[in-house]
Each structure stands twice: as structure tokens, then as C-alpha cells.
Amino acid sequence: MESNSTEPTEHDKIISILKEKYDGEILHVDTPYNLLTVTLKQERIIEIIQYLYDHAQVKFQYLTTLCAIHYPDLKQIAMMYQLRSLENNLEVRLKIYLPEENPVTPTLTSIFAAANWMERETYDFYGVNFQGHPSLRRILNVDDMVIFPMRKEYPLEDQTREDKNNAMFGR
Amino acid sequence: METVRLNDIKVSDKPEGLEGAGFFATSLEKAVGLARKNSIWPLPFATSCCGIEFMATMGAHYDLARFGSERLSFSPRQADLLMVMGTIAKKMGPVLRQVYEQMAEPRWVLSVGACASSGGIFDTYSVLQGIDRIIPVDVYVPGCPPRPEQIIDGIMKIQHLVETESLRRRESPEYKALLNSYGIE
């Protein structure tokens, strides 16, 4: 839905706040399902989140969730941070792209303690290496697992079975 | 109110033996089998919906107490029968195995439902594809989940095994080889 009013929308406000200081970091802006999504360069992501946390006009002080997304065609793993401002009723999603081969990004636990387990889960399933995380080890899968199972190069099915073939399951 | 007559109470048949005035002689194996069969203490290892069916099985309507198994044991040390009911994730595997190892001989294992028996619909990286990959299983009960009648049928199959098992089976080289194939002892 296109807005024709001259009043700046909440999305515009967030964008202008970001552009005040980090104009060069913004790669792309989109609003899928009316959720403002800002794709950023990967280097200064923590600094930007800290800026949005402290900024008096938005105060994004609640981390809704963070997770990774694997894009095998792009050979990249995206990190997605979803922030909420309880005070101003605002929501924003920040996205960075990391190389599939060696996804390394600084930890968010320096700002949000809640990021601890979320980053452990992201490491567990996608192998994203969060630099500075206090205890980056698997959280849900067995400790001796050698794969990162939500990456799309790994098949979903258990590979140790021979008796479950497609014919038996009508696939 | 209907009174319970003595005839309504079911008493297990005595095993084969020699009988005369004032004495009855049978083999120790048969006497022990009869006693064990009708006093199995199950350890319910319930992780999902099959566990709910087990609760129905223990309830008044189906009443597993009729088979001498009303006393559940939540300590593996005292249990005779390990009833595994539900999906066993790979992370739960070592726990299940430890519970099995803590049980004293003789011990039996009943695998209830598709998930415990084969992984069921969960053909995925995180689910154990059947508990017989980590512990030996005596009886499998199919179903997703099985009805209480099926669980009782499985218990009756276990009862048959318990009744007819040789007292020396647990010392046999075949049994030791079976355990060794699972890396136990």
C-alpha cells in the first residue's frame, strides 16, 4: 500500500535516524509484510544496534529474536536481528550477509544478554561463529554432531537408514 | 450391589507337575516363570503420545493391574520391564541406554509405537531411528500411537517370554554376545 500523505511514517523516521549516522552502511531497505527490513554491511552491525538501543527517539531495547538464513544460491548466510521498541511501539529487522564458507560476526551478548542462547542455537544449526560469545557450544543437538543441520547442503533425513526408501513412503 | 464371588477371581493355572495327596512337584524354572510372569514391574519411559496411551492402559478401564503390573517402578534398579513409549531423540539416546544399563537382570524391553520401534514419521537428523540401535528389544508394538489393547497385547507377549525363559538364559554366551553387540558390559 502506497502512502501519499506528507507525514513521515514510522518507517521513514527509523530510516532517517539510521541515515543520520550510518548512511554508508545501508545496502537495501524493504518492507515485507509491513515489517521494515534494513540490509546492512556486516562490519558495524553491533555498533548500529547499540546506536538504535541508545537513540532517545526510538530506544530499540528489546531483542525479539535473531537467527540465520542460509541462501545456498548466493553462497551466503544471512544474520537477521529483529528489534522492538516497547516504549515507542516500533519494530525493525536488520539483516547482514556473511560468506557461507566462514560466517564470522561479533556477538550481540555485549548489548542483549538474551542473545546468548539465540546465538548458541544459531551456531548449533548454521555454524555461525560469534566472536566474543561467552560460551559458544551446541545447545539443542547432540554434542558430537559434526554437521550444521539447517544448512541446506545437508539432507533433512537421517542418512543411516536403508529400510526407509521412497517406495515405502509413496514419495 | 453385586458381590464378588470367589469364582470371579482369576487365579493363574498351575504349571505342569506331579501332584498327589498333600504335595505338588514341578520344576523350579516353571515355578519361577509363573511368579515372574504375574509380577512384572514396568518402568514407563514415556516421551510423547504413546505415553498418553499408556496412561489409559494403566487406568481403570483397561487396567494393567489385571496382569500383575499395577506397581510401576520409577527406579530402573527395581524394574523388570522397560517400556519405551514415544520418540527418542538422539540426545535422549544415552539417557535411555543408561536407564537400561541400570536395570538388574533379568530385564525385558517393550518398544511401544512406531517412533520407538523405527523412528516413525521422524526420519530426520535429530531422531533415533529405532531404540534397537542402542538397546536390545524383546517385543515391538506397532501403531501411531497403538491402542491400549495393543499395548496389553505387547505386555502379554512379554509375559509369555518371561514365563518360558530358561533360568540360565542370562548366563548363556548367546545372550552375552547380544549385549556385547550393543557394547554393553
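Here the structure is shown first, and the text comes after it.
Source: prediction; values computed, not measured.

Engineer: Just checking my understanding: could you explain the side chain of Lys95(A) for this structure?
Structural biologist: Residue and element names in this part refer to chain A. Locating Lys95 in the fold gives a position in strand β5 (residues 90-99). This buried residue, Lys95, is left without a salt bridge; Asp30 holds the nearest opposite charge, at 8.1 Å. Apart from the residues lying within four places of it in its own chain, the contact partners of Lys95 are Thr37, Val38, Thr39, Leu40, Ile69, Tyr71, Ala78 and Met79.

Engineer: How do you make sense of the sheet that holds strand β2 (residues 37-40) of chain A when you look at a structure like this?
Structural biologist: Within a beta sheet, neighbouring strands are joined by backbone hydrogen bonds and run either parallel or antiparallel to one another. All names here are of chain A. If you trace the five strands from one edge of the open sheet to the other, you get β1-β2-β5-β4-β3, paired in mixed fashion. With partners counted over all chains shown, the strands left at the sheet margins are β1 (26-30) and β3 (62-71), one partner each. Each strand axis lies, on average, 20° off the axis of its neighbour in the sheet, ignoring direction. Across nine bridges, the pairing between β3 and strand β4 (residues 76-85) is antiparallel. Bridge pairing in β4 links Tyr71 to Gln76.

Engineer: Just checking my understanding: could you explain the packing of helix α1 (residues 10-22) of chain A against helix α2 (residues 45-54) of chain A for this structure?
Structural biologist: Helices that pack against each other are described as a pair by the angle of their axes relative to one another and the distance between those axes. Residue and element names in this part refer to chain A. Axis separation between α1 and α2 bottoms out at 11 Å; the angle between their running directions is 125°. For the element pair α1 / α2, the angle class is oblique. The chirality of how α1 crosses α2 is right-handed. Only Glu47, Ile48, Tyr51 and Leu52 of α2 make contact with α1, whose side of the interface consists of Ile17, Leu18, Glu20, Lys21 and Tyr22. When its residues are assigned to classes, the contact of α1 with α2 shows six nonpolar, no polar and three charged.

Engineer: Can you help me understand the sheet that holds strand β4 (residues 81-85) of chain B in this one?
Structural biologist: All names here are of chain B. A sheet is described by the order of its strands in space; here four strands give the open sequence β3-β4-β5-β6, paired in parallel fashion. Here the strands that pair on one side only, and so sit at the sheet edges, are β3 (42-46) and β6 (139-141). In this sheet, neighbouring strand axes are inclined to one another by 15° on average, regardless of whether the strands run parallel or antiparallel. Bridge analysis of strand β5 (residues 108-112) against β6 gives three bridges, and the strand direction is parallel. Counted as the bridge partner of Leu110 is Val139 from β6. Helix-sheet contacts for helix α2 (residues 49-58) involve β3, β4 and β5, and the interaxial angle to β4 is about 125°.

Scoring rules and cut-offs
Residues numbered from 1 in each chain as written. Chains lettered and ligands numbered in written order. Predicted model: local features only at pLDDT ≥ 70, side-chain atom pairs only at ≥ 80, totals over all residues. Heavy atoms only, no water. Helix = DSSP H or I, 4+ residues; strand = E, 2+ residues; numbered from the N terminus. Buried < 20%, exposed > 50% of the residue type's maximum accessible area, 1.4 Å probe, protein only. Lys, Arg positive; Asp, Glu negative; His and termini not counted. Salt bridge = Lys/Arg side-chain N within 4 Å of Asp/Glu carboxyl O. Contact = heavy atoms within 4.5 Å. Pairing = 2+ DSSP bridges. Axes fitted to C-alpha atoms, helices over the stretch in contact; angles between N-to-C directions. Parallel < 35°, antiparallel > 145°, perpendicular 65-115°, else oblique. Left-handed = near helix turned anticlockwise from the far one by under 90°. Nonpolar A, V, L, I, M, F, W, Y, C, P; charged D, E, K, R; others polar.

From the geometry alone we can't say anything about function, so treat these as descriptive.
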